[in-house]
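Examination of the molecular architecture
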Amino acid sequence: MINKEDIARMLGEIRELQCKSAKEVEEARVRLLGRKGVITALFEEFRSVAPEVKRELGRPLNELKQAAQARIEELKAGLGEESAAGPREDLTMPGDNFELGSRHPVSIVRQEIVDIFRKFGYDVAEGPEVEDDYHVFEALNFPPNHPARDMQDTFFVSTGHPNPLLLRTHTSSVQVRAMESMKLPIRVICPGRVFRNEAISARAHCIFHQVEGLYVDENVTFADLKQAILLFAREMFGPETQIRMRPSYFPFTEPSAEVDVSCNICHGKGCNICKGTGWLEILGCGMVDPNVLEASGIDSRKYSGFAFGMGLERIAMLKWRVNDLRHYFENDMRFLQEFAAAPEV
Ligand code: DAH
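Predicted model, so just to flag it, every value in this text is computed and none were measured. The residue numbers shown here count from 1 along each chain, following its written sequence. Per-residue local features are limited, in this predicted model, to residues with pLDDT of at least 70; the limit for side-chain atom pairs, both in listing and counting, is 80 or more; totals at the level of whole chains, interfaces and linings are taken over all residues. To get the side-chain values, take all heavy atoms of the structure and skip hydrogens and water.

1. Considering the overall build of the chain
The criterion, for reference: Helix and strand assignments come from DSSP, with helices taken as H or I runs of at least 4 residues and strands as E runs of at least 2, each series counted from the N terminus. In this setup the radius of gyration rests on C-alpha atoms only. A globule is expected at 2.2 Å times the number of residues raised to 0.38. Throughout, exposure labels follow a simple rule: accessible area from a 1.4 Å probe, protein chains only, divided by the maximum for the residue type, with under 20% read as buried, over 50% as exposed, and the rest as partly exposed. With residues, only the protein chains shown are counted as cover, and all accessible areas are computed by Shrake-Rupley using a 1.4 Å probe. Lys and Arg are tallied as positive, Asp and Glu as negative. Neither His nor the chain termini are counted. By convention, the charge on Lys lies at NZ, on Arg at CZ, on Asp at CG and on Glu at CD.
In terms of helices and strands, the chain carries 11 helices and 9 strands. For the chain, whose C-alpha radius of gyration is 41 Å, the value lies well above the compact-globule estimate of 20 Å for 345 residues. When burial is assessed residue by residue, the chain has 41% of its 345 residues classed as buried. With the model as given, the accessible surface of the chain reaches about 19,900 Å², and the carbon-plus-sulfur share is 51%. Across the chain, the 42 positively charged side chains and the 52 negatively charged ones have centroids separated by 8 Å.

And the structure:
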């Protein structure tokens, strides 16, 4: 006999109804609402019950039918999406990461140096990587048999020629090109890639980067050189930085010096980066040799100048304590990603 309890139980079952396929949904529909379905049978029975039972059960019965129809539609819709486009999207999943690239440490240092010297009024100049002997050696006052021209150090592109082509071994060649082409006074900074025929190790590589600086004007003195380097070092390594100059020799400068900065890691106390000395060598420099000025057509009685050159890998090594030069060239993502967070400079 049709009764309230059965209707309530069925209503509960219908709300919980689950189907795994469209076929199962259709079977459930037939079982509940088909011509011989259980709900259809209840409606038939309902027609012949007493009027007071009708009053009591009319509404629950209609609710049951509506609930069954709604649940069947719901199940159909859910399965329809799944079969058309695979599993439904999980809207709570986090989005894909947008992978940011990172700048190479040598590029970061190069940009920092260029920006510092731009503030001091220097222009940026670049020259060819495949150079001739004249710009790399001869115009820079290298004596004809100087060992740096030797096959040991220089990659020659053409030989047997009075002015052979070669891969430049330093960016000092660009100061020659600047003196040839720019109007005086010249204040120029020349970043670039250089090449030397060296066995690759933690401390040497056949490709590396330098920045060359040149200032030529009337009355340029060694004091100006020292001041320029000091200001640069303080911008680059911090306002407390001290510099020290040691006498040295380069064919293209006279006098020549090598410059050390105070170790900003141990602040002079001595650590393994500065090998206990409290000082780190960063560049070579000097007053441009009068022969070099004259070779490029500059009157050395009227003009004087200073020049300096530094290795970018070395500066980056000091800045980030990189202990092996080879890291710079191996494109190992684990190394390169270390610089992803380096500030935009
Ligand atoms: N060209 C030198 C080198 O390759 C570096 C250098 C030293 C450049 C002294 C200069 C300088 O302009 O004055 O190591």
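2. Brief notes about a nonpolar patch on the surface
Basically, it comes down to this: Patch membership is restricted to residues that have no salt bridge and whose relative accessible area is over 30%. Joining uses 9 Å for like charges and 5 Å for the nonpolar side chains Val, Leu, Ile, Met, Phe, Trp and Tyr. Definition used for salt bridges: Asp or Glu carboxyl oxygen within 4 Å of a side-chain nitrogen of Lys or Arg.
A cluster of nonpolar residues, Val-130, Val-157 and Leu-165, forms a patch on the protein surface that exposes about 230 Å² of accessible area. Within the element layout of this structure, Val-130 appears in strand β2 (residues 130-132). We classify Val-130 as partly exposed; its relative accessible area is 41%.

3. Quick notes on unusual backbone geometry
Excluding glycine, most residues fall at negative phi; most peptide bonds, likewise, are trans. Cis geometry marks the peptide bond from Leu-184 to Pro-185; its omega dihedral reads -5°. Within the fold, Pro-185 resides in the loop between α7 (172-181) and β4 (186-195). The omega angle of the peptide bond from Glu-254 to Pro-255 is -5°, so this bond is cis rather than trans. Mapped onto the secondary structure, Pro-255 falls in strand β7 (residues 253-262).

4. Here's the deal with the environment of Gly-311
Selection criterion: Two residues qualify as a contact provided that any one of their heavy atoms is within 4.5 Å of a heavy atom in the partner residue.
Tracing the backbone shows Gly-311 in strand β9 (residues 303-311). What makes Gly-311 partly exposed here is its relative accessible area of 21%. C-alpha of Gly-311 to C-alpha of Val-194: the two residues are 117 residues apart in sequence and 9.7 Å apart in space. Among all residues touching Gly-311, those that are not within four sequence positions of it are His-209, Gln-210 and Ile-282.

5. Considering the layout of surface pockets
Spelled out, the test is: The distinction between a cavity and a pocket rests on a 1 Å grid over the protein atoms alone: a 1.4 Å probe fits inside a cavity but cannot get out, while a pocket stays open yet meets protein on both sides within 12 Å along at least five of seven lines, and a residue with an atom within 4 Å of a point counts as lining. Grid points are joined across faces, edges and corners, and a volume is the space filled by probe spheres set on the points. The nonpolar class holds Ala, Val, Leu, Ile, Met, Phe, Trp, Tyr, Cys and Pro. Asp, Glu, Lys and Arg form the charged class, and all remaining residues, Gly among them, are polar.
In this structure, the largest pocket spans a volume of roughly 970 Å³. Along the walls of the largest pocket sit 37 residues, with Arg-196, Phe-208, Gln-210, Met-310 and Gly-311 positioned nearest its centre. Secondary-structure elements contributing two or more residues to the lining of the largest pocket are β5 (207-218), β7, β8 (279-288), β9 and α10 (312-320). Counting residues per element, the lining of the largest pocket draws most heavily on β8, at 6 residues. Here the lining of the largest pocket is composed, by residue class, of 16 nonpolar, 12 polar and 9 charged. Lining the second largest pocket are 17 residues, with Arg-203, Ile-273, Lys-275, Arg-314 and Leu-318 positioned closest to its centre. Those elements that provide at least two residues to the lining of the second largest pocket are β8 and α10.

6. A closer look at the site of the ligand
For the record, the criterion: Residue proximity to a molecule or strand is established when one non-hydrogen atom of the residue lies within 4 Å of it. Polar contact is defined as a pair of N or O atoms within 3.5 Å, subject to the rule that within protein one atom must be able to donate a hydrogen and the other to accept it, and that residues adjacent in sequence are counted only when both atoms are side-chain atoms. In this description, a molecule resides in a pocket or cavity if more than half of its atoms sit within 2 Å of the grid points defining it.
His-170, Ser-172, Arg-196, Glu-212 and Ala-307 are the nearest of the 15 residues found near the ligand. Arg-196 places a polar side-chain atom, nitrogen or oxygen, 2.9 Å from an oxygen atom of the ligand. In this structure, Phe-308 approaches the ligand through a main-chain N or O atom, which is 3.4 Å from an oxygen atom. Protein burial of the ligand: of its 350 Å² of free accessible surface, 88% is covered by the chains. Comparing atom positions with the cavity grids shows the ligand to sit within the largest pocket. Of all the secondary structure elements, the ones that give two or more residues to the shell around the ligand are α7, β5, β8 and β9. For the shell around the ligand, the per-class residue count stands at 5 nonpolar, 8 polar and 2 charged.

7. Considering the side chain of Arg-71
Inspection of the secondary structure assignment puts Arg-71 in helix α4 (residues 51-85). With residues up to four places along the chain from it excluded, the contact list for Arg-71 reads Ile-14, Arg-15, Leu-17 and Gln-18.

8. Topic: the sheet that holds strand β6 (residues 243-250)
Here is the rule we go by: Only when DSSP finds a minimum of two bridges between them are two strands counted as paired.
Spatially, 7 strands are ordered β1-β4-β5-β9-β8-β7-β6 in an open sheet, and the strand pairing comes out mixed. Strands at the two margins of the open sheet, each flanked by one partner only, are β1 (123-124) and β6. The pairing of β8 with β9 spans 5 bridges and is classified as antiparallel. Among the inter-strand pairings, Cys-285 is bridged to a residue of β9, identified as Phe-308.

9. Points about the side chain of Asp-260
On the secondary structure map, Asp-260 appears in strand β7. On the accessibility criterion, Asp-260 (3% relative accessible area) is buried. In this structure the side chain of Asp-260 is engaged in a polar contact, spanning 2.8 Å, whose partner is the side chain of Arg-246. Excluding residues that lie within four positions of it along the chain, Asp-260 makes contacts with Gln-242, Ile-243, Arg-244, Arg-246, Trp-279, Leu-280, Glu-281 and Ile-282.

10. A short note on the packing of aromatic side chains
Counted only if it meets this: We call Phe, Tyr and Trp rings a pair once their centres come within 6.5 Å, taking the six-membered ring for Trp, and we label the pair stacked below 30 degrees between planes, edge-to-face above 60, and tilted otherwise.
A complete count under the given rule lists 12 aromatic pairs for this structure. Plain terms: the ring middles of Phe-117 and Phe-308 are 5.1 Å apart, the flat faces sit at 25° to each other, and that makes the pair stacked. Taken together, the residues span a long stretch of sequence, with Phe-117 in helix α5 (residues 105-119) and Phe-308 in strand β9 at a distance of 191 residues. Across the pair, exposure class does not vary: Phe-117 and Phe-308 are buried alike. Residues Phe-335 and Phe-339 carry aromatic rings whose centres are separated by 5.2 Å and whose planes lie at 70° to one another, so their mutual orientation is edge-to-face.

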